[in-house]
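Take a look at the letters that make up each chain.
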Amino acid sequence: MGHWWYRNIIEPGKLPMLLALVSFVTSFLVTRLITRMIRAGRGPFGNITPGGVHVHHVVPGVILVIIGGFGAVGSGRHGFGALLSAVIFGLGAGLVLDEFALILHLDDVYWSEQGRKSVEIVVLTAALVALVLGGFLPFGVNDLTVEERQNRGLVAMNAATNFFLALIALWKGKARTALLGVLIPFVALVGAVRLARPDSPYARKFYANRPRARAKAGLRAFHHDRRWAVPRRKFQDFIGGAPDR
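The rules we used
- Residues numbered from 1 in each chain as written.
- Predicted model: local features only at pLDDT ≥ 70, side-chain atom pairs only at ≥ 80, totals over all residues.
- Heavy atoms only, no water.
- Axes fitted to C-alpha atoms, helices over the stretch in contact; angles between N-to-C directions.
- Helix = DSSP H or I, 4+ residues; strand = E, 2+ residues; numbered from the N terminus.
- Left-handed = near helix turned anticlockwise from the far one by under 90°.
- Contact = heavy atoms within 4.5 Å.
- Parallel < 35°, antiparallel > 145°, perpendicular 65-115°, else oblique.
- Nonpolar A, V, L, I, M, F, W, Y, C, P; charged D, E, K, R; others polar.
- Patch = residues over 30% accessible without salt bridge, like charges linked within 9 Å, V, L, I, M, F, W, Y side chains within 5 Å.
- Areas by Shrake-Rupley, 256 points an atom, 1.4 Å probe, with all protein chains shown as cover.
- Salt bridge = Lys/Arg side-chain N within 4 Å of Asp/Glu carboxyl O.
- Lys, Arg positive; Asp, Glu negative; His and termini not counted.
- Charge placed at Lys NZ, Arg CZ, Asp CG, Glu CD.
- Phe/Tyr/Trp six-rings, centres within 6.5 Å; stacked < 30°, edge-to-face > 60°.
- Buried < 20%, exposed > 50% of the residue type's maximum accessible area, 1.4 Å probe, protein only.
- Lys NZ or Arg CZ within 6 Å of the ring centre and 35° of its normal.

Draft legend 1. Representation of the packing of helix α2 (residues 15-40) against helix α4 (residues 80-98). Running from N to C, α2 and α4 point in directions that differ by 35°, and their axes come no closer than 7 Å. In this structure, α2 crosses over α4, and the sense of that crossing is right-handed. Within the contact between the two elements, α2 uses Leu 15, Pro 16, Leu 19, Ala 20, Ser 23, Phe 24, Ser 27, Phe 28, Thr 31 and Arg 32 and α4 uses Ala 82, Leu 83, Ala 86, Val 87, Gly 90, Leu 91, Ala 93, Gly 94, Leu 95, Leu 97 and Asp 98.

Next up, the structure:
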């Protein structure tokens, strides 16, 4: 484990990224805990409203992201400055993406159905950063043996293939399958070969003169949404809290 840690985290200079990921996830979880306590009227916390203006936590998040980002650019990958900048950046990114839906809709939709997008983007971001931290790409590691280089090269090729299939799945209107397929092998393949969703760009281009394909795609999308809507909502409610009904 110590050998893996040095070869894949310390030597390639990924320790700042690891600290940024930990601080990002911690910032998001702590923020969600505090906002849920405020919503329930528990604990000593409350909204910040100087002069009657509700200051959303995306505001200090943007400030921290700017400080951490410029600090990371100026400090390089090694040294205490890089580590501190990574932590600051991760804390700010957690605050910003926790209100991603607010930025997207330009409205306070934190506890609405639209607010679920914030939870989805945070989970996706954490998963993608964790994938990069896996340390299996053949870059930044010195003195690789021939076998290690071949193994890492094969994994890199597989990742590129999954990404290409994920783009096809996204073209077919399967955003969640595409995003999950970037992380998990063969998931994107399933999304790429199956029927497209009826409202996707792929369906509008290739199903325009195929009424049976359009009907079958609509029926499959209906059954898929009905099957997975409840589990997806329960997971989002567990992470971020249930929206207002």
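Moving on, there is more to tell.
Draft legend 2. Geometry of the packing of helix α6 (residues 116-132) against helix α8 (residues 175-183). At a minimum axis distance of 9 Å, the contact between α6 and α8 shows a crossing angle of 20°. Taken together, α6 and α8 sit at an angle that is classed as roughly parallel. Read as a crossing pair, α6 and α8 show a hand that is left-handed. Residue-level inspection shows Glu 120, Leu 124, Ala 127, Leu 128 and Leu 131 of α6 in contact with α8, the latter providing Arg 176, Leu 179, Val 182 and Leu 183. Along the lines of polarity and charge, the residues of the contact of α6 with α8 split into seven nonpolar, no polar and two charged.

Draft legend 3. Expanded view of the environment of Thr 161. Its place among the elements puts Thr 161 in helix α7 (residues 146-171). In the structure, Thr 161 is positioned 21 residues away from Val 182 in sequence and 9.2 Å away in space, judged by C-alpha atoms.

Draft legend 4. Examining a positive patch on the surface more closely. A contiguous patch of positive charge on the surface is contributed by Arg 194, Arg 212, Lys 216, Arg 220, Arg 226 and Arg 227. Looking at the secondary structure, you find Lys 216 in helix α11 (residues 211-240).

Draft legend 5. Region of interest: the packing of aromatic side chains. Enumeration over the complete set of coordinates arrives at five aromatic pairs. Both rings, one in Trp 171 and one in Phe 206, keep their centres 5.8 Å apart while their planes meet at 75°; by these two values the pair is edge-to-face. Separated by 35 residues along the polypeptide, Trp 171 in helix α7 and Phe 206 in helix α10 (residues 201-206) bring together distant segments of the chain. Residue classification places Phe 206 among the partly exposed residues on the basis of a relative accessible area of 35%. Note on Tyr 202 and Phe 206: the rings are 4.7 Å apart at their centroids and 40° apart in plane angle, and the pair reads as tilted. Taken as a pair, Tyr 202 and Phe 206 lie in helix α10 at a separation of four residues, close to a single helical turn. Among the aromatic residues, those joined into a ring-pair cluster are Trp 171, Tyr 202, Phe 206 and Tyr 207. Positioned above the aromatic ring of Trp 111, the side-chain terminus of Arg 39 is 4.2 Å from the ring centre. When the ring centre of Phe 206 is taken as origin, the NZ or CZ atom of Lys 205, which lies over that ring, is 5.7 Å away.

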